[in-house]
Amino acid sequence: MAAMMVMAGIMGTSASAMAAANPFSDVPADHWAYDAVVKLAADGVIEGYGDGAFKGNRNITRYEMAQMVAKAMAKNTAGADKAIVDKLAAEFAEELNNLGVRVSNLERNADMLKWTGELRYIFQRTNNEGAADKSHNRAELRLFPTAEVNDHWHVKARITARNDMKNDTTTNATLTYIYAEGAYKNFTFAAGKMPLNSTNDEGLVVEDFFSGVQLTFGKKLQTVLEYGRWNLENSTVGANKAADYQGIQFNYNSGKVFAGLGYRHLSSDSFKGTTGVSANEDNFNIWSAGVNYRFDKNFSLAGAYAQNSNADNYAKAGNICLNYKGINRKNPGTWGAYAAYRYIGQNASLAATYNTIAFGDTNRKGWEIGASYVPFKNVTTDIAYFHGKQLLDGKDSNTLFARARFIF
């Protein structure tokens, strides 16, 4: 009886361990590990089943796959092969542990969650003739966690904290965006709060974040469909309320030429009676187009135009910019410069990406020059100056912008 009880205990323990690790479950032939093993076999890191063959046309057990990975781990691989072996080791950690090959859960989880970030110091001063100067001087910390769910899906987020250096006041860290993104061969799908980028016009219309869904498909000719809600806190019009949002973009990129068309529909009661909008108009329909042509490795010329068909005034926006060279943050000493002419009507350019646009200072036109420089690896500096006129009364408008970024 005692022997039977001991045997039953051993069998129960073995059954539990097998259920947890399940070393004999199949790895389907379309699993990403097959491509990884084929690459390692081609490089001579592993030898398949020991008879010189790799039977990649049938399902194999996770236990068999783990045996191949264990042999690969025993060799001193480097470069791309080592990265593949490390990824395989994380995937088959439980089976490798059963074989006596130690792969800690900490190593596996660390590979699936990555953090990047940057510290920014920003100074900006705007002077509109007839009004008091407006400025800010702040430090800003941005953290970007990215978590791998599986081979196709990732969760991405940004956490932001700011410090007003003039008044020594700090804002609490906030979750700027968080969304899940699935990238497949022919399309990418995202859902959550995510970047709202008007890539077709290089940020002339809006560069912010929205809550909803986004579908992107195509390669050289790319289509972007968006649906959701956009908080108007950072917009040039309306109050801090959400607007219904639908958008479509068509982008073409051949390497030398980038061109795009876009349409965005927004609806909110906050639009009614704002500057240049009638008292009963709660819809914005904004059309935009842009093109960027690269002449050579040093020069490129970009242009963009946008128009709001529902606004009475300040309904147009445009930008033309000549770029010279450019920076590489990993290469100290690299630099770039630009000269641009901008016409910013607030009802067409709702949240432009330009550094000299702040404090709601749209409805102006003029020239801007700027430059960027990399003094040290992963440290960038920017300076820009805008000089122009206010569209409302033709009075002078100037903005000075400076920024340093420490990227990690």
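These numbers come from a predicted model, not from an experiment. (Residues numbered from 1 in each chain as written. Predicted model: local features only at pLDDT ≥ 70, side-chain atom pairs only at ≥ 80, totals over all residues. Heavy atoms only, no water.)

Observations regarding the overall build of the protein
Step number 1: Looking only at helices and strands, the protein features six helices and 19 strands.
Step number 2: Here the protein holds 408 residues, and the buried ones make up 39% of them.
Step number 3: Within the protein, contacts between residues at least 6 apart in sequence are counted, and of these 52% link residues at least 24 apart.
Step number 4: Only carbon and sulfur atoms are counted for the fraction: they give 57% of the accessible area of the protein, which is about 21,600 Å². (Helix = DSSP H or I, 4+ residues; strand = E, 2+ residues; numbered from the N terminus. Buried < 20%, exposed > 50% of the residue type's maximum accessible area, 1.4 Å probe, protein only. Contact = heavy atoms within 4.5 Å. Areas by Shrake-Rupley, 256 points an atom, 1.4 Å probe, with all protein chains shown as cover.)

Description of the pairing of strand β7 (residues 174-183)
Step number 1: Summarising the sheet, strand β5 (residues 153-164) and β7 pair through eight bridges and their orientation is antiparallel. What sits directly across from histidine 154, in β7, is glutamate 181.
Step number 2: Direction of pairing for β7 relative to strand β8 (residues 187-197): antiparallel, over a ladder of six bridges. Paired with glutamate 181 across the two strands is alanine 190, which belongs to β8.
Step number 3: Between the end of β7 and the start of β8, which pair antiparallel, lie three residues. (Pairing = 2+ DSSP bridges.)

Regarding unusual backbone geometry
Step number 1: The backbone phi angle of aspartate 168 is positive, close to 55°, even though this residue is not glycine.
Step number 2: Assignment of secondary structure puts aspartate 168 in the loop between β5 and β6 (169-170).

A closer look at helix α4 (residues 79-91)
Step number 1: Taking 1.5 Å per residue, 13 residues should reach 18 Å; α4 reaches 19 Å between its end C-alpha atoms and fits that length.
Step number 2: Of the positions making up α4, those classed as buried are Asp81, Ile84, Val85, Leu88, Ala89 and Ala90. (Expected span 1.5 Å × (residues − 1).)

Observations concerning the pairing of strand β10 (residues 221-231)
Step number 1: Sheet analysis places strand β9 (residues 207-217) next to β10, joined by seven bridges and oriented antiparallel. Along β10, the bridge assignment pairs valine 213 with tyrosine 227.
Step number 2: Pairing of β10 with strand β11 (residues 242-253), which is carried by eleven bridges, proceeds in the antiparallel orientation. Note that in β11 the partner of glutamine 222 across the bridge is asparagine 251.

Let's talk about helix α2 (residues 32-42)
Each α-helix winds once per 3.6 residues, and so residues spaced three or four apart point in a common direction.
Step number 1: Among all positions in α2, only Trp32, Ala33, Tyr34, Ala36, Val37 and Leu40 are buried.
Step number 2: Looking at the residues trailing α2, positive phi occurs at glycine 44, about 80°.

Some points on the nonpolar core
Step number 1: Judged by nonpolar contacts, the single largest core of 33 residues is most densely connected at Leu204, Trp230, Leu266, Phe271, Phe284 and Leu350.
Step number 2: Taken together, the elements giving at least two residues each to this core come down to β7, β8, β9, β11, β13 (283-294) and β14 (299-308).
Step number 3: Sort the elements by how many residues they give to this core and β8 lands first, with three residues.
Step number 4: Discounting chain neighbours no more than four positions away, the residues touching phenylalanine 271 are Leu232, Val237, Ala243, Leu266, Val277, Glu281, Asp282, Asn283 and Phe284.
Step number 5: Formed by 19 residues, the second largest nonpolar core is a distinct cluster that contains Ala66, Met68, Ala89 and Phe92. (Core = buried A, V, L, I, M, F, W, Y, C linked by side-chain atoms within 4.5 Å.)

A look at the confidence of the model for the protein
Step number 1: Confidence along the protein averages 85 in pLDDT terms, with 85% of residues attaining 70 or more.
Step number 2: A low-confidence stretch, residues 1-24 (pLDDT under 50), is modelled with 15 contacts involving residues beyond four sequence positions or located in other chains. (pLDDT = per-residue confidence, 0-100.)

Some remarks on the packing of aromatic side chains
Step number 1: Enumeration according to the criterion identifies twelve aromatic pairs in this entry.
Step number 2: Each ring, one from tyrosine 263 and one from tryptophan 287, has its centre 4.5 Å from the other, and the planes form 40°; the classification is tilted. Highlighted residues: tyrosine 263 in strand β12 (residues 257-267) and tryptophan 287 in strand β13, separated in sequence by 24 residues.
Step number 3: Every member of this aromatic cluster is reached through a ring pair, and the members are Tyr177, Tyr179 and Phe209. (Phe/Tyr/Trp six-rings, centres within 6.5 Å; stacked < 30°, edge-to-face > 60°.)

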